[in-house]
Amino acid sequence: MDKTETPNAVREIRINPIVPSESVLVATARSLRPKKAEALVPRDTRKHVETCPFCAGNEAMTPPQIKSYPSDGTWSVRIVENLYPVLGDDRSNPNLTFGLQQTIDGYGRHEVIIDHSEHGTALHEMSEQHLALLFRAYRERMEQLYRSNNRLRYVLVFKNFGPAAGASIAHTHSQIIATPVIPDNVQAEVAESRRFYQKNHRCIFCSLIDEALTFEATIYDRESGEIRRRINVGQYVIERGQRFIAIKPFASRYEWEVHILPLKHQSDYLRVSADDYADLARIMRRTMARLESVLGGVQYNFFLHSLPHDAGCEECDASYHWHIEITPRTSIPTGFELGSGLFVNTVAPEAAAEKLRNAAID
Ligand SMILES: [Zn+2]
Ligand SMILES: [Zn+2]
Ligand SMILES: [Zn+2]
């Protein structure tokens, strides 16, 4: 029996409260378990690798630098052009458009943020001061990109860590892609949270945080008045800081998925203040340390969802709430998932949350 198996098997479709179409089948029965992700490869923990273009001292091996922190002397975080950009301003190939097949220019920006000058330092091993600097670098570059060209509708910051998460270079790094379209999943979050706001005059993300911070919910039988079920709602909170919270979503599509959100309503990551970085860094470091402690050699993606500029709606500032989604890769999608669009999660989110909360970290 897998050590993550819960004593009470769960088999239910959980509706994502924000985007119902992103619902998940939680099935902890063994027979439904998807295939394991790539076998764990030992993480490269070397501090310096002679041939690595992202290592300190090898600056000449990267494409042109956009910015470094600090701007002179030894850098801690460095932003460079991507050697193989998926988007750019190159117009040498005309678009292929015919019949029903339409295209949009692959116009945009694709950049790399070298998270740390040391090769094999994982996020949970970085100091909180360093992580605060990294979060500042994300914000500043996002802002510059939005300002640089009004054709850029969305700036996505994300990170792939480990081969199972699609990282092609071992040296810890994040990426920024600025696109001429708003990604569908972001658009769906914006539209659905707006719908909730119009009906309830509240931000759904704030409502979910409030719900998670309510220690216990009691469900009474409508007729007899007897207690039918007590739910410990607070069990989904993984970390709670002064300004940020890490929550295990009730309808997690990935076994060990965790979201980080500001406790106070804020739609746009660009409004994060200098005072916020320290607590955001602390919550991120502690959450990653918990994932590492439970999973050992965690391979993951994370991405930042923030209100698109020019979202085209007045109330979206009140209805949308920026967040970071961390999605550890412990399984690969099967034909069922690709064919149905319904993700299968084989670890009950309550069990995963309990393990994460109980993990020993410094
Ligand atoms: Zn390196
Ligand atoms: Zn909110
Ligand atoms: Zn999101």
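See the structure printed just above.
Residues numbered from 1 in each chain as written. Chains lettered and ligands numbered in written order. Predicted model: local features only at pLDDT ≥ 70, side-chain atom pairs only at ≥ 80, totals over all residues. Heavy atoms only, no water.

### Re unusual backbone geometry
Alright, step 1. With an omega of -15°, the peptide bond between Tyr69 and Pro70 qualifies as cis.
Alright, step 2. With respect to the helices and strands, Pro70 occurs in the loop between strand E3 (65-69) and strand E4 (77-81).
Alright, step 3. The residue His201 is not glycine, and still its phi comes out positive at about 55°.
Alright, step 4. Looking at where His201 falls in the secondary structure, it is placed in the loop between helix H2 (184-200) and helix H3 (204-213). (Helix = DSSP H or I, 4+ residues; strand = E, 2+ residues; numbered from the N terminus.)

### Some thoughts on the coordination of the zinc ion (ligand 2)
Alright, step 1. With distances of 2.1 to 2.3 Å, the protein atoms coordinating the zinc ion (ligand 2) are Cys203 (SG), Cys206 (SG), His265 (ND1) and His321 (ND1).
Alright, step 2. Classification of the site at the zinc ion (ligand 2) rests on its 4 donor atoms, whose angles at the metal span 106 to 114°, yielding the label tetrahedral.
Alright, step 3. Each donor residue of the zinc ion (ligand 2) lies on one chain, and together they are spaced C-x2-C-x58-H-x55-H. Of this pair, His265 sits in the loop between strand E12 (258-262) and helix H4 (276-295) while His321 sits in the loop between helix H5 (316-319) and strand E14 (323-328); the two residues are 56 residues apart in sequence, bridging distant segments of the chain.
Alright, step 4. Here His321 falls in the buried class, since its relative accessible area comes to 0%. (Donors = N, O, S within 2.8 Å, 3.2 Å for Na, K, Ca; no water. Tetrahedral: all angles 85-135°; square planar, octahedral: opposite > 155°, others 65-115°. Buried < 20%, exposed > 50% of the residue type's maximum accessible area, 1.4 Å probe, protein only.)

### Some points on the sheet that holds E4
Alright, step 1. Strand order across the open sheet formed by 10 strands is E3-E4-E5-E7-E6-E13-E14-E12-E11-E10, with antiparallel pairing between neighbours. Every interior strand has two partners, whereas the edge strands, E3 and strand E10 (237-240), have only one. Averaged over neighbouring strand pairs, the angle between their axes works out to 20° when direction is ignored.
Alright, step 2. With 4 bridges joining them, E4 and strand E5 (residues 109-114) adopt antiparallel strand pairing. When the sheet's bridge partners are listed, Val80 is paired in E5 with Val112.
Alright, step 3. Its contacts with the sheet put helix H1 (residues 128-148) on E3, E4, E5, strand E6 (154-161), strand E7 (173-179), strand E13 (300-305) and E14, and the angle it makes with E3 is roughly 145°.
Alright, step 4. Contacting E10, strand E11 (244-247), E12 and E14, H3 crosses the sheet at an angle of about 75° to E11. (Pairing = 2+ DSSP bridges. Axes fitted to C-alpha atoms, helices over the stretch in contact; angles between N-to-C directions. Contact = heavy atoms within 4.5 Å.)

### Observations regarding the sheet that holds strand E15 (residues 343-345)
Two pairing modes exist for strands in a sheet, parallel and antiparallel, and in both the strands are linked by backbone hydrogen bonds.
Alright, step 1. Strands sit in the order E1-E2-E15 across an open sheet of 3 strands; the sheet is mixed. Looking along the sheet, the strands with just one partner apiece sit at the ends: strand E1 (11-14) and E15. Shown here is a sheet whose adjacent strand axes are inclined to one another by a mean of 25°, direction ignored.
Alright, step 2. Sheet topology note: the strand E2 (residues 24-27)/E15 ladder contains 3 bridges and is parallel. By the bridge assignment for E15, Val24 is matched with Phe343.

### Digging into the coordination of the zinc ion (ligand 1)
Alright, step 1. Those donors, Cys52 (SG), Cys55 (SG), His119 (ND1) and His171 (ND1), are the protein atoms that reach the zinc ion (ligand 1), and they lie 2.0 to 2.3 Å from it.
Alright, step 2. If you look at the zinc ion (ligand 1), its 4 donor atoms make angles of 103 to 117° with each other, and the shape they trace is tetrahedral.
Alright, step 3. Counting the intervening residues between successive donors of the zinc ion (ligand 1) yields the motif C-x2-C-x63-H-x51-H. Placement of the pair is Cys52 in the loop between E2 and E3 and His119 in the loop between E5 and H1, with a sequence separation of 67 residues.
Alright, step 4. A residue is classified by how much of its surface remains accessible, and Cys52, at 5% relative accessible area, is buried.

### Observations regarding the state of the cysteines
Alright, step 1. Per the stated rule, a full pass over the model turns up 1 disulfide.
Alright, step 2. The disulfide bridge from Cys313 ends at Cys316, spanning 1.8 Å between sulfur atoms. The S-S bond linking Cys313 to Cys316 shows a torsion near 120°; that makes this disulfide right-handed.
Alright, step 3. Classification of Cys316 by relative accessible area gives buried; the value is 1%. (Disulfide = S-S within 2.5 Å.)

### Points about the pattern of salt bridges
Alright, step 1. Taken as a whole and judged by the stated rule, the model has 23 salt bridges.
Alright, step 2. Taking the shortest distance from any N to any O, the salt bridge between Glu118 and Lys47 comes out at 3.7 Å. On the criterion of sequence distance, the pair formed by Glu118 in the loop between E5 and H1 and Lys47 in the loop between E2 and E3 is long-range, its members being 71 residues apart.
Alright, step 3. The class of Glu118 is partly exposed, set by a relative accessible area of 25%. (Salt bridge = Lys/Arg side-chain N within 4 Å of Asp/Glu carboxyl O.)

### Quick word on the nonpolar core
Alright, step 1. In terms of nonpolar packing, the biggest core is built from 74 residues, with Leu123, Phe135, Tyr138, Ile260, Tyr269, Met284 and Ile324 touching the most fellow members.
Alright, step 2. Residue contributions to this core peak at 10 residues, all from H1.
Alright, step 3. Every residue in contact with Ile324, bar those within four places of it in the chain, is listed here: Phe135, Val258, His259, Ile260, Leu280, Met284, Phe302, Phe303 and Leu304.
Alright, step 4. Judged by nonpolar contacts, the second largest core, of 8 residues, contains Val49, Cys52, Cys55 and Val112. (Core = buried A, V, L, I, M, F, W, Y, C linked by side-chain atoms within 4.5 Å.)

### Focus on H3
Alright, step 1. All buried positions along H3 are accounted for by Ile204, Phe205, Cys206, Ser207, Ile209 and Ala212.
Alright, step 2. Next to the buried residues of H3 lie H2, E10, E11, E12, H5 and E14.

These values are about where atoms sit, not about what they do.
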